[in-house]
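Fold and geometry: a report
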Amino acid sequence: MILRHERYFGVALLLVALGVRGVAAVERSSLGTFWGMIDTNIYVQSARALATTGSPDTAFFMSPLYPYLLWWSGAADGAAAVILTFQVAMGMGALVCMALVARRIAGPAAGLAALALGAVAGPLVLYDTALLPDGPATAALTMASAVVVLRGERQRWWWASGLAAAVAVALRSNLLLAVVALTVWAAWRKSPRSAWLGLAAPVVVALALIAMTNGLREGLWAPRSYNAGVNLYVGNNSAAEGTYNPVNEISPGDMRGEAFAQQSLGRQLNSAQLDNFWRDRALAWISSNPGATAKLVVRKLALFFHPFEMPQMEAMALARFESGAVAVARVGLGLLLPLFVCGWWLTTNRRELIPFALIVTSSLVICTVFFVNGRLRLPVWGGMIPVAAIGVAHLVELLGRRDWRRAAMPLGLGLVLVTLVSQYPVHATYYTARGAAQYASIEALAGNTRHARDWIETGTKLEQKSHWRGGRAIERTFQAQPASELLLRMERGAAMFALATSTDQVADYRAAFVELVAVADSMPRFRRAQEGLYQVCLALIERGQGTAEVLAAQQRAAQRLPRRG
């Protein structure tokens, strides 16, 4: 019955996907352009520089293309509707491509399954409606690989695939690894030279434009963005635990780590020198700690397929607090992984699935080298959904024939894998509480008092639910102190002080400051607590609220921090 009316069910699923993304875009855009996002703020500032001066004066630090899209769409001035519409449209195009691939390989049931999975896939909905390049970059890469599978026999379609791949690379430079893998695969399968050159040529042009722009800005003629060194260090240091974990040397206001690097070397650094500083720092730690590095790699491999969406600056759990549409998008890797195993296991023509396996593998390599979070592993969704949908179609067919034995092996293996990777702790409540506190501070400092108060309330609720007292690594470092509660109180206290605008709130802020001082004093070895206390004290002193208690707390914090330039 369903397959007989495939077209109607397909249209209905597409409307569901569009509706979920449309509602999420409206809900989230109402929160403001920045939505508390540090990376979004960096992109918006770059877009504003393009509008005022024509070009920033430094080489690309993050996405080369995204600031231009924000500038073009008017999002830099607060009008996010155009760019969000563009991102949702790209996400819908990628979803259609995934469904067509699944349908071609395993029939109509697989195509409908792909639409159903993609319509309510949490990460896809989240990043299609965020002012970040990850959603459209993943969509472009998915379309590039799908076009090769769908129209590989027609050479002109390779050029369409190449254009999509060029957009993906220009949005996220680390996707170049997947594009190179696709090009090598095309040459290996003995495709006509003019075909796979059509895939590579637009990407080469995009890289040339990036190199030319870097050269004109800073004299660095390299086709890349200069954030690899910082990210490598964030993922490989003594405090690294496999996911994105902020380090003391890099602050939210200095994501390039420029202040620490220049203070360490005693001179000004250009983007390449700054990138090399952090790269060398990371490689030095890796070479001197081979055992810890090996354990870290194993943990990253497991966390890569973990059902929890590890955040960087944005958490799925936080988005669900603010968006009902994101809250209903519940398809995650916990469901997708066993279905992916079934699809790969039960498909006879695996050759057509190789492009999607390459996407998954390249994303795995990137996360293993750097760190695991929802944004870095987002491309796997474009590679896993078509294969998982094929798995659904095969399982339905086998269960309909009562072929339990053939269905049990891959499904059981997939469930075992999900169970194993789920055993690795990621401290979901801790990450979510810390994110809420950070958002509160960012919104407060930006003057968005209503949003900051909302995040303070969210953080308070999460704190009440939290029973975590530190993972093993943190227990060893901080002697089993309540690190998550300390972070939350510290950030919440900073946000509350930033909101101090009326006299009737003085008592609340006074109580928060006393609590902040007590918590920070109880953990003098915890650098971040002292840093937060120091910054709050400075802000109060600048506002003329430097009481004796404030001055004393500032002096104690300053003594525990490294010397300042």
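Here goes a summary of the coordinates provided. Since we're looking at a predicted model, the values are computed, not measured. (Residues numbered from 1 in each chain as written. Predicted model: local features only at pLDDT ≥ 70, side-chain atom pairs only at ≥ 80, totals over all residues. Heavy atoms only, no water.)

Quick notes on the overall build of the protein chain
Broken down by element type, the protein chain carries 27 helices and zero strands. Burial status across the protein chain gives 55% buried among its 565 residues. Of all intrachain contacts in the protein chain linking residues separated by at least 6 positions in sequence, the fraction that spans at least 24 positions is 75%. Of the accessible surface of the protein chain, which amounts to about 24,400 Å², a share of 62% is contributed by carbon and sulfur atoms. (Helix = DSSP H or I, 4+ residues; strand = E, 2+ residues; numbered from the N terminus. Buried < 20%, exposed > 50% of the residue type's maximum accessible area, 1.4 Å probe, protein only. Contact = heavy atoms within 4.5 Å. Areas by Shrake-Rupley, 256 points an atom, 1.4 Å probe, with all protein chains shown as cover.)

What about the packing of helix α8 (residues 155–171) against helix α10 (residues 193–218)?
The contact between α8 and α10 brings their axes to 7 Å, and the two run at 25°. Considering the angle they form, α8 stands roughly parallel to α10. The crossing of α8 and α10 is right-handed. In this structure, α8 uses Gln155, Trp158, Trp159, Ser161, Gly162, Leu163, Ala165, Ala166, Val169 and Ala170 to contact α10, whose residues at the interface are Ser194, Ala195, Trp196, Gly198, Leu199, Ala201, Pro202, Val203, Ala206, Leu207 and Ile210. In the contact of α8 with α10, the residues fall into 16 nonpolar, five polar and no charged. (Axes fitted to C-alpha atoms, helices over the stretch in contact; angles between N-to-C directions. Parallel < 35°, antiparallel > 145°, perpendicular 65-115°, else oblique. Left-handed = near helix turned anticlockwise from the far one by under 90°. Nonpolar A, V, L, I, M, F, W, Y, C, P; charged D, E, K, R; others polar.)

Looking at the environment of Gln312
Among the structural elements, Gln312 can be located in the loop between α14 (290–304) and α15 (316–322). Here Gln312 falls in the buried class, since its relative accessible area comes to 14%. Measuring from C-alpha to C-alpha, the distance between Gln312 and Asp39 comes to 9.8 Å, with 273 residues separating the pair along the chain. Ignoring any residue separated from it by four or fewer positions in sequence, one finds Gln312 in contact with Asp39, Tyr244, Phe371, Asn373 and Arg375.

Re helix α27 (residues 548–560)
For α27, built from 13 residues, the straight-helix expectation of 18 Å at 1.5 Å per residue is met to within 8% by its first-to-last C-alpha distance of 19 Å. Those residues of α27 that fall on the buried side of the exposure criterion are Val550, Ala553, Gln554 and Ala557. Along α27, the residues classed as buried sweep out an arc of 100° about the axis, all on the same side. In this structure, α27 carries Ala548 and Gln559 as exposed residues pointing more than 90 degrees from its buried face. (Expected span 1.5 Å × (residues − 1). Arc of directions from axis to C-beta.)

It is worth stressing that arrangement in space is one thing and function is another; only the former is reported here.
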